[in-house]
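# Structural description and commentary
This is what each chain is made of:
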Amino acid sequence: MNSVIPEPLVTKIDNVHLGISYDESIQNYKFINTNSESSEAEIKIDLSVSQVNLFNKILQSYFSEITELTSNNNDIYKDIDLYLEAKLDSFELLSPELSRNDKYAVWLRYKVILYDSKKTLLSKWDITGYGEQATGSRVTESLTRAVDLAIRDVGVNLIIQIEENLDKFKTKVSTDS
């Protein structure tokens, strides 16, 4: 699955190098519905590409330089001003059969942690997203659309969190230099 993420209309933070590490839950997450009590066909969703693309597109819109680090990397790099860790905390899917209506609903919740250049905690966020789509005549397209809407909603909520903390980031970076 590869969601299309529109270009965010945000103001770039000049001269800030962000180091980002994606948890395995973002890099390799695959949902498989194996509900044995349901007569519903097995559902498989691979979110790894969409999740990484979402975070990269939004973060690259804000920060002048981004370096992707391996997950659980505790090293401190002299040229990185801020560190961000992102983890998929929860993925929930409600199918038409389970909800007894004609809609797919998808919920996503991420844990995002931001650190300064010395890896001192600056902020922790829960970023959520929700997408819902009626099944119509094409079930696969409806499910894909519900996931796309949830991913895009996560993007909007990530932008809101960054905007609400923008001054803190700029101040923290400028005082650490």
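Here, every reference points to the structure presented above.
Residues numbered from 1 in each chain as written. Predicted model: local features only at pLDDT ≥ 70, side-chain atom pairs only at ≥ 80, totals over all residues. Heavy atoms only, no water.

## Describing the overall build of the chain
Looking only at helices and strands, the chain features four helices and seven strands. Start at the N end of the chain and walk to the C end: the helices and strands fall as β-α-β-β-α-β-β-α-β-β-α. Looking at the 177 residues of the chain, the share that counts as buried comes to 45%. Sequence-distant contacts, at least 24 apart, represent 70% of the contacts inside the chain between residues at least 6 apart. Counting only carbon and sulfur atoms, one obtains 46% of the accessible surface of the chain, whose full area is about 9,600 Å². (Helix = DSSP H or I, 4+ residues; strand = E, 2+ residues; numbered from the N terminus. Buried < 20%, exposed > 50% of the residue type's maximum accessible area, 1.4 Å probe, protein only. Contact = heavy atoms within 4.5 Å. Areas by Shrake-Rupley, 256 points an atom, 1.4 Å probe, with all protein chains shown as cover.)

## Overview of the pattern of salt bridges
Summed over all chains, the structure comprises five salt bridges. The partner of Glu7 in a salt bridge is Lys57, with the nearest N and O atoms 3.8 Å apart. Separated by 50 residues along the polypeptide, Glu7 in the segment before β1 (13–22) and Lys57 in helix α2 (residues 48–62) bring together distant segments of the chain. With a relative accessible area of 27%, Lys57 lands in the partly exposed category. A salt bridge links Lys103 to Glu132, with the nearest nitrogen and oxygen atoms 3.4 Å apart. (Salt bridge = Lys/Arg side-chain N within 4 Å of Asp/Glu carboxyl O.)

## Some points on the pairing of strand β6 (residues 103–115)
Looking at chain direction, strand β5 (residues 82–94) and β6 are connected through eleven bridges and run antiparallel. Each residue of the ladder has a partner; that of Ala86, found in β6, is Val112. As judged from the 13 bridges shared by β6 and strand β7 (residues 121–134), these two strands associate in the antiparallel manner. Within β7, the position partnered with Lys103 by the bridge is Ala134. Linkage of β6 to β7, two consecutive antiparallel strands, is achieved through a turn of five residues, within which Lys119 is found at a positive phi near 65°. (Pairing = 2+ DSSP bridges.)

## Notes on the nonpolar core
Judged by nonpolar contacts, the single largest core of 42 residues is most densely connected at Ile45, Phe55, Leu59, Phe91, Leu93, Leu108 and Tyr110. Those elements that place two or more of their residues in this core are β1, β3 (43–46), α2, β5, β6, β7 and α4 (139–176). Broken down by element, this core gets its largest block of residues, nine residues, from α4. Those residues within four positions of Tyr110 in sequence are excluded, and the remaining contacts are Ile26, Gln51, Phe55, Lys87, Leu88, Asp89, Trp125, Asp126, Ile127, Ile151 and Val154. One finds Leu69, Ile80, Tyr83 and Ile113 within the second-largest nonpolar core, a separate group that totals five residues. (Core = buried A, V, L, I, M, F, W, Y, C linked by side-chain atoms within 4.5 Å.)

## Re the packing of aromatic side chains
For the coordinates displayed, the defined rule picks out six aromatic pairs. Geometrically, the ring pair formed by Phe31 and Phe91 is tilted, given 4.8 Å between the ring centres and 45° between the ring planes. Of this pair, Phe31 sits in strand β2 (residues 30–33) while Phe91 sits in strand β5, placing them 60 residues apart in sequence. Judged on exposure class, the residue Phe31 and its partner Phe91 are both buried. Ring geometry for Phe55 and Tyr110: centres 5.4 Å apart, planes at 70°, overall edge-to-face. Here Phe55 is found in helix α2, whereas its partner Tyr110 is found in strand β6, with 55 residues between them in sequence. Through pairs of rings, three or more aromatic residues link up here, namely Tyr22, Phe55 and Tyr110. Over the aromatic face of Tyr83 sits the side chain of Lys119, whose NZ or CZ is 4.6 Å from the ring centroid. (Phe/Tyr/Trp six-rings, centres within 6.5 Å; stacked < 30°, edge-to-face > 60°. Lys NZ or Arg CZ within 6 Å of the ring centre and 35° of its normal.)

Structural measurements only, silent on function.
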